Protein chains: 2
Amino acid sequence: MTLPPEFALIAQHFRPLAGPGALDLSDDAALLTPPPGRELVLAADAMVAGVHFLPDDSPGNIARKLLRTNLSDLAAMGAQPLGYLLTVSLPRETPPDWLQGFAAGLAADQHEFGLRVLGGDTTSTAGPVSLSLTIIGHVAPGTALRRNGARAGDELWVSGTVGDGTLGLSVALGERAGDAAGHLADRYRIPRPRMALGQGLVGLAHAAMDVSDGLVQDLGHLCRASGCGAVLEAVLVPLSPAAAAVLAAEPALLRRVLTGGDDYELLFAAPPGAAAGIAALAAATGTTATRIGRFVAGDPLVTVLDGQGAPMTLSQEGWSHF
Amino acid sequence: MTLPPEFALIAQHFRPLAGPGALDLSDDAALLTPPPGRELVLAADAMVAGVHFLPDDSPGNIARKLLRTNLSDLAAMGAQPLGYLLTVSLPRETPPDWLQGFAAGLAADQHEFGLRVLGGDTTSTAGPVSLSLTIIGHVAPGTALRRNGARAGDELWVSGTVGDGTLGLSVALGERAGDAAGHLADRYRIPRPRMALGQGLVGLAHAAMDVSDGLVQDLGHLCRASGCGAVLEAVLVPLSPAAAAVLAAEPALLRRVLTGGDDYELLFAAPPGAAAGIAALAAATGTTATRIGRFVAGDPLVTVLDGQGAPMTLSQEGWSHF
């Protein structure tokens, strides 16, 4: 059984998700009256089966990961979500209930995060499922968190726990055991964008970004944007109990934790005086925030120290597509 | 030779194209201050190699087609372009100069149409080149042209010429000869979005859309949105000299002209009294506009009449992906 024409698919699965300006997804474009006195924040991420998710992941989880990776970009800027546009390219042999599950995942997260679909496109492809989402959020003008505000003397913080996503991928691929409760694989499949934390960091943090391609590599981006260096203490990096158990059995995986992708936590710079405010904010927003290092004057280099205070050598700093 | 890391690719090829709010494409998201007192218009289209363009089309033409199909959606709403976000998923074996040509195509059309890239994402894929673009435009509040305003008694108009794109695809695939000057293949590869015509139709036309998936099928969408029927006279459909020559040799291709995709012309409804204004607007904006039928009361059905005034039966009305 093949898919019905895309107009029927859109009407059945996506129209119920549409916001007021989406014009029932049946016009050439959507209309959006920007919230008065706000600055818009825009990001776009693509996801391809076999690269960003496993081809046999459930379509609902794939939809949620797509939406959440984009939400995480808004969180990193301290923005509130408003809406999104979505393009979906599917093999012709995709079973009809795949789109049903995909739309159900979107519906759940639209409800959880408070945004609606505004428009998009559905096409066929001779390759793997290929998705793209553009998200629109808003901030008070001039308040967006940027990557370029870190300065020497700032403390380096990260939200939540690091490494669950990359270890979860490894578990999901059957490369290693552990994770009996499924925590790691779940973290790989469903990111937790730190919306409330990011919004609360406006005024507290000097700079922020989300960690998606590996902690060390992404910290390097933050350093280059800010024009300073950073020292990261590996033993301070927060681990989930599940990740800690995997590392206890295989300590060499620490390098993977520091450089693997799919964390979707916030990495941020804040002055030492902000520590109490950050701790209170993290508690109030249902997450944690951990100091893992500091920013230093000099070239935009990341130094990773091991438990003895000696620099670690990493063969790669993070994920690259090419 | 494989591609360098995506950060280097983005810095080299896309950063020079970025607008002021794009933050050098090196932050998590872009910032956009909406033009005061304007309504935003948003559309997203995906394009996949082998579906929307030929895999050996030049990367510059592919980029221009991607941007122009989205610009055509803005034209259909009467909107002015502002900016866009773009995701590009490429096979790892893509030659480095492919992206150079792709960016050069974007640069040329950014200049021609007056917009800048705001953000995006570059990823790998195990499948064909897969592209997605979200475009942002603006209109005076409440003035956007919609599909739902046609009424019985309105005249049915189309801009430019119809069928060049679908005949051009056929020529490009080597299915037929003719088109020695390359007009048809060029029209398949590089759409001409009717920006100035669309903007000028605000206040003149009751409804508009762009023709991308076949004249008859798209007219059906306009009829369903407006709740009326339409009568289309096939002999009135404007043909380019190159298309007319192909049809003279193979008259049965008229059905393909009426139902093939890739026209990217504007289809619109206007009251009879607007005819002189439309003709003047078309002349002033460097295109043509042709009356090809009328809207009628009743069910949202499209009747296509042949040269003898008899209804034509079409085995399909347009392109469907599935």
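Reading the values: rules and limits
Residues numbered from 1 in each chain as written. Chains lettered and ligands numbered in written order. Predicted model: local features only at pLDDT ≥ 70, side-chain atom pairs only at ≥ 80, totals over all residues. Heavy atoms only, no water. UniProt positions renumbered as here; feature names shortened; annotations may be inferred. Domains from an automatic or database assignment. Contact = heavy atoms within 4.5 Å. Buried area = accessible area lost by both parts, 1.4 Å probe. Salt bridge = Lys/Arg side-chain N within 4 Å of Asp/Glu carboxyl O. Polar contact = N/O pair within 3.5 Å; in protein donor to acceptor, adjacent residues only side chain to side chain. Helix = DSSP H or I, 4+ residues; strand = E, 2+ residues; numbered from the N terminus. Nonpolar A, V, L, I, M, F, W, Y, C, P; charged D, E, K, R; others polar. Least-squares fit on C-alpha atoms with pLDDT ≥ 70 in both. Pairing = 2+ DSSP bridges. Axes fitted to C-alpha atoms, helices over the stretch in contact; angles between N-to-C directions.

An unreviewed UniProt entry annotates chain A as Thiamine-monophosphate kinase of Roseomonas haemaphysalidis. Under the UniProt heading Sequence similarities (unreviewed entry), the note attached to chain A is "Belongs to the thiamine-monophosphate kinase family." Quoted verbatim from the Function (unreviewed entry) field of the UniProt record, the comment on chain A reads "Catalyzes the ATP-dependent phosphorylation of thiamine-monophosphate (TMP) to form thiamine-pyrophosphate (TPP), the active form of vitamin B1."

Visitor: What should I look at first to understand the domain arrangement of chain A in this one?
Guide: How big an interface is tends to be expressed through the accessible area that disappears when the partners come together. All names here are of chain A. The domains assigned to chain A are domain 1 (6-139) and domain 2 (155-305). Placing a centre on the C-alpha atoms of domain 1 and another on those of domain 2 gives a separation of 26 Å. With 20 residues of domain 1 in contact, the opposing surface of domain 2 contributes 20 residues. Note on domain 1 versus domain 2: buried area summed over both sides is about 1600 Å², and carbon and sulfur give 63% of it. On the domain 1 side of the interface with domain 2, the three residues burying the most area are Leu54, Lys65 and Arg68, jointly 30% of the side's total. The interface formed by domain 1 and domain 2 holds two salt bridges in total. For lysine 65, the salt bridge goes to aspartate 262, with nearest N and O atoms at 3.0 Å. Our count for the contact surface shared by domain 1 and domain 2 stands at seven residue pairs in polar contact (both at pLDDT 80 or more). Where the side of domain 1 that touches domain 2 is concerned, the elements lending two or more residues are α2 (59-77) and β3 (80-90). With eleven residues, the top contributor of residues to the side of domain 1 that touches domain 2 is α2. In the side of domain 1 that touches domain 2, the residues fall into nine nonpolar, six polar and five charged.

Visitor: Could you clarify how one ought to interpret the relation of the copies chain A and chain B in this entry?
Guide: Between the two copies of this chain, the relationship is a rotation about some axis together with a displacement along it. Rotating chain A by 180° and moving it 0.0 Å along the rotation axis overlays it on chain B with an RMSD of 0.0 Å. Both copies of the chain, as the preceding transformation shows, are related through a two-fold rotation axis. Of the C-alpha atoms belonging to chain A, the one lying closest to the rotation axis is found on glycine 127 of chain A, 2.2 Å away. A share of 100% of interface residues in chain A that are also interface residues in chain B marks the association as one of identical surfaces.

Visitor: Got a minute to help me understand the UniProt feature "binding site: Mg(2+) 5" (unreviewed entry) in chain A in this structure?
Guide: In the UniProt entry, the feature "binding site: Mg(2+) 5" (unreviewed entry) is given for Asp213 of chain A. Topologically, aspartate 213 of chain A is positioned in the loop between β7 (207-211) and α7 (215-226). Excluding anything up to four places from it in sequence, aspartate 213 of chain A contacts Asp218, Thr259, Gly260, Gly261, Gly318 and Trp319 of chain A together with Phe7 of chain B.

Visitor: Honestly, the sheet that holds strand β10 (residues 289-296) of chain B in this entry has me stumped. Any pointers?
Guide: Adjacent strands of a sheet form backbone hydrogen bonds with each other and so pair up, either parallel or antiparallel. Residue and element names in this part refer to chain B. Taken together, six strands build an open sheet; the order of strands is β7-β9-β6-β10-β8-β11 and the sheet is mixed. At either margin of the open sheet sits one strand with a lone partner, and together these are β7 (207-211) and β11 (302-305). Ignoring which end each strand starts from, the neighbouring axes of this sheet average 25° apart. Summarising the sheet, strand β6 (residues 155-159) and strand β9 (residues 265-270) pair through four bridges and their orientation is antiparallel. The residue of β9 that forms the bridge with valine 158 is leucine 267. Along the sheet, helix α2 (residues 59-77) makes contact with β7 and β9, crossing β7 at roughly 165°. Where helix α7 (residues 215-226) meets the sheet, its contacts fall on β6, β7, β8 (229-233), β9, β10 and β11, and the angle it forms with β7 comes to roughly 150°.

Visitor: Would you mind showing me how to read the sheet that holds strand β6 (residues 155-159) of chain A here?
Guide: Residue and element names in this part refer to chain A. Pairing within the open sheet is mixed, and its six strands lie in the order β7-β9-β6-β10-β8-β11. Each edge of the open sheet carries a strand with a single partner, namely β7 and β11 (302-305). Taken over all neighbouring pairs, the strand axes of this sheet differ in orientation by 25° on average, direction set aside. Sheet topology places strand β8 (residues 229-233) next to β11; four bridges connect them, and they run parallel. Following the sheet pairing, glutamate 233 is matched in β11 by leucine 305. The sheet strands contacting α7 are β6, β7, β8, β9 (265-270), β10 (289-296) and β11, and the helix crosses β7 at an angle near 150°.

Visitor: Before we go on, may I ask you to explain the interface of chain A and chain B in this structure?
Guide: Taken together, the contact between chain A and chain B spans 65 residues of the former and 65 residues of the latter. Buried surface at the junction of chain A and chain B, summed over both partners, amounts to about 5300 Å²; 58% is from carbon and sulfur atoms. Considering only the side of chain A, the residues that lose the most area to chain B are Asp28, Leu42 and Phe322 of chain A, jointly responsible for 17% of the buried surface there. Summed over the shared surface of chain A and chain B, the number is six salt bridges. For the salt bridge of aspartate 27 of chain B with arginine 146 of chain A, the shortest nitrogen-to-oxygen distance reads 2.8 Å. Applying the counting criterion to the chain A and chain B interface returns 29 residue pairs in polar contact (both at pLDDT 80 or more). Tallied by class, the residues present in the side of chain A that touches chain B amount to 34 nonpolar, 18 polar and 13 charged.

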